[in-house]
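Examination of the molecular architecture
So you can see what is in the structure, the chains are spelled out below.
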Amino acid sequence: SEGDFFRPMRHVSVPGVDAIWNQIWPGRVADFPLLAASAAHLGGRPRAFSESFAAYRTPPDLAQAKWVIDHQLARGINLFEFMFYPSSASAPERRGFMADPGFPALAAYVRRASYLLSRGRPAADLALYYPTMSLWLGDEGADAAAWRAVRALLERQRGVDLVDDDTLAEGEGPLCNGFGEPYRAVLVPPTRAISRAALERLRESSAAGQEVAVLGPAPALVVTRTFRDARGPADVSWARSAPEEDPARVLPAGDVALDRPAPGIVVHHRRWAGAECYMILNELNEPARCTAHLAGALPARTWDARTGEVRDLPEATREGTAVRLPLRLAPWEARIVVLGAS
């Protein structure tokens, strides 16, 4: 935390993260791949990268490996390097999924899914301020609060990018990603410090009609040049207040709405030319049944990254400006749904 993840990633053509030591694993909260995906989205980069499975001391089987991959795909990663090299002399239980005869089919799935989820533009409609400045002050609570907000939004099927202070401070007008897609709202989680330039950008964005919501108290310090001359607390009387435990409740509606709470379902949305692409993932090891309303138009089709087949979804119907789609997801099932493609 003495550094800044986003500053160097501005100069990297493919922002990335590592997934090691079973950091990403069924039953474990690990939303950090959003760091790389957000850096790619803010920089207008089509790809975000993960080096996965190095030092996984519980070697995954094929199903577990696919879960780890899908978990990252659903958070915007769309390029993988697998870093586990099982020895042919190893005991069978230590050889891992790459030694499994089914591995080539998994690799083909990853290639197809990564391709589909790198096309077009990312369509996350929320931006969340990432409190790097607070980490410099040793405030790990601000980091934890940011990730709690991320978790609350993902469990509501909202698309969210993390946004750094520099991106806010150096831009003008309402905040957009690097592809020109505007965010419906920008959220500021409980944070100790924010730069004056970033705070002013948020105020101007709010005045221009972009929703800005502050979760919890206002930042205690507003930094101009150095922390020594910082002043505070910040005046955020112009911003909306949002509950930290459920910020989506007071925000503009998103592109995905389910007819019942389903915190185990995570959705990643990309906007293609003339079509909407959704990856819908059930991360729980139990079936999920619900009805989704997805922004977009008919026809609705599923693009099966396992087989390369494209199939119509006759159960999908038009409902206002959205498509109503009953979902029956098996445990750990990932589905790519495309709306409106001719």
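Residues numbered from 1 in each chain as written. Predicted model: local features only at pLDDT ≥ 70, side-chain atom pairs only at ≥ 80, totals over all residues. Heavy atoms only, no water.

Describing the overall build of the chain
Here is the rule we go by: The helix count covers DSSP runs of H or I at least four residues long, the strand count covers runs of E at least two residues long, and both are numbered beginning at the N terminus. Using C-alpha atoms as the atom set, the radius of gyration is obtained and then compared with a globule rule of 2.2 Å times the number of residues to the power 0.38. Each residue is placed in one exposure class: buried if its accessible area under a 1.4 Å probe, protein chains only, is under 20% of its type's maximum, exposed if it is over 50%, and partly exposed if it falls in between. Between two residues, a contact is recorded if the distance between any of their heavy atoms is within 4.5 Å. For every accessible area listed, the method is Shrake-Rupley and the probe measures 1.4 Å; residues are considered covered only by the protein chains on display. Positive residues here are Lys and Arg, negative ones are Asp and Glu, while His and the chain termini are left out of the count. Lysine's charge is taken at NZ, arginine's at CZ, aspartate's at CG and glutamate's at CD.
Broken down by element type, the chain carries eight helices and 20 strands. The C-alpha atoms of the chain give a radius of gyration of 20 Å, which matches the 20 Å a tight globule of 342 residues would have. Seen through its C-alpha atoms, the chain measures out along the principal axes to roughly 60 × 55 × 35 Å. Counting only residues that meet the buried cut, the chain has 53% of its 342 residues in that class. Sequence separation of at least 24 residues holds for 76% of the intrachain contacts in the chain that already meet a minimum separation of 6. Summed over its atoms, the accessible surface of the chain is roughly 14,900 Å², and 52% of this surface lies on carbon and sulfur atoms. Across the chain, the 39 positively charged side chains and the 41 negatively charged ones have centroids separated by 3 Å.

Examining helix H3 (residues 62-73)
Our working rule: Each helix should span, by expectation, one fewer than its residue count multiplied by 1.5 Å. Any pair of N or O atoms that falls within 3.5 Å is considered a polar contact. Within protein, one atom must be able to donate a hydrogen and the other to accept it, and sequence-neighbouring residues count only if both atoms are side-chain atoms.
Between the first and last C-alpha of H3 there are 16 Å, a value that for twelve residues agrees with the 16 Å anticipated at 1.5 Å per step. For H3, the buried fraction is high: nine of the twelve residues fall into the buried class. Buried residues of H3: Ala65, Lys66, Trp67, Val68, Ile69, Asp70, His71, Gln72 and Leu73, and no others. Residue Asp61 occupies the N-cap position of H3, its side-chain oxygen lying 3.2 Å from the main-chain nitrogen of Ala63.

Brief notes about the state of the cysteines
The criterion, for reference: Count a disulfide wherever a pair of cysteine sulfur atoms falls within 2.5 Å.
Counted under the stated rule, the structure contains zero disulfides. Unpaired in this structure, Cys290 has its nearest cysteine sulfur neighbour in Cys277, at a distance of 18 Å.

Some details on the nonpolar core
The cut-off we apply is this: Nonpolar cores are built from buried Ala, Val, Leu, Ile, Met, Phe, Trp, Tyr and Cys residues. Side-chain atoms within 4.5 Å join them into one set.
Membership of the largest hydrophobic core comes to 84 residues, with the highest contact counts inside it found for Phe53, Leu162 and Leu187. Every residue in contact with Leu187, bar those within four places of it in the chain, is listed here: Leu126, Ala127, Leu128, Tyr129, Leu153, Ala213, Leu215, Pro247 and Leu251. Counting residues in hydrophobic clusters, the runner-up holds 20 residues, among them Leu258, Ala262, Ala300 and Leu339.

A few points about the environment of Arg112
Along the chain, the position of Arg112 falls in helix H4 (residues 103-116). C-alpha separation for the pair Arg112 and Trp303, spaced 191 residues apart in sequence, amounts to 9.5 Å.

Comments concerning the pattern of salt bridges
Quick note on the threshold: The working definition used for a salt bridge is a side-chain nitrogen of Lys or Arg within 4 Å of a carboxyl oxygen of Asp or Glu.
Throughout the structure, instances matching the rule amount to 26 salt bridges. The shortest N-O distance in the salt bridge between Glu309 and Arg311 comes to 3.4 Å. A relative accessible area of 44% places Glu309 in the partly exposed class. Look at the salt bridges and you will find they share partners, linking Arg121, Asp125, Arg158, Glu181, Arg184, Asp255, Arg271 and Glu276 into a network.

A word on the pairing of strand E5 (residues 126-129)
Rules: Strands are treated as partners if at least two bridges between them are detected by DSSP.
Side chains of E5 alternate between two faces, with Leu126 and Leu128 and Ala127 and Tyr129 buried alike. Of the pairings in the sheet, the one linking E5 to strand E6 (residues 160-163) comprises four bridges and is parallel in character. Each residue of the ladder has a partner; that of Leu126, found in E6, is Val160. One ladder, built from three bridges, connects E5 with strand E7 (residues 185-188); its direction is parallel. Each residue of the ladder has a partner; that of Ala127, found in E7, is Val186.

Digging into the pairing of strand E14 (residues 275-282)
Among the eight residues that make up E14, eight are buried, leaving the element largely enclosed by the rest of the structure. Side-chain alternation along E14 places Ala275, Cys277, Met279 and Leu281 on one buried face and Glu276, Tyr278, Ile280 and Asn282 on a second face that is also buried. Across eight bridges, strand E13 (residues 265-272) lies against E14 in antiparallel orientation. Bridge pairing links Val266 to Leu281 in E14. Between E13 and the antiparallel strand that follows it, E14, lie two residues; Gly274 among them carries a positive phi value of about 80°. Relative to strand E20 (residues 334-339), E14 runs antiparallel, the two being bridged by six bridges.

Limitation: the analysis is restricted to geometry and does not speak to function.
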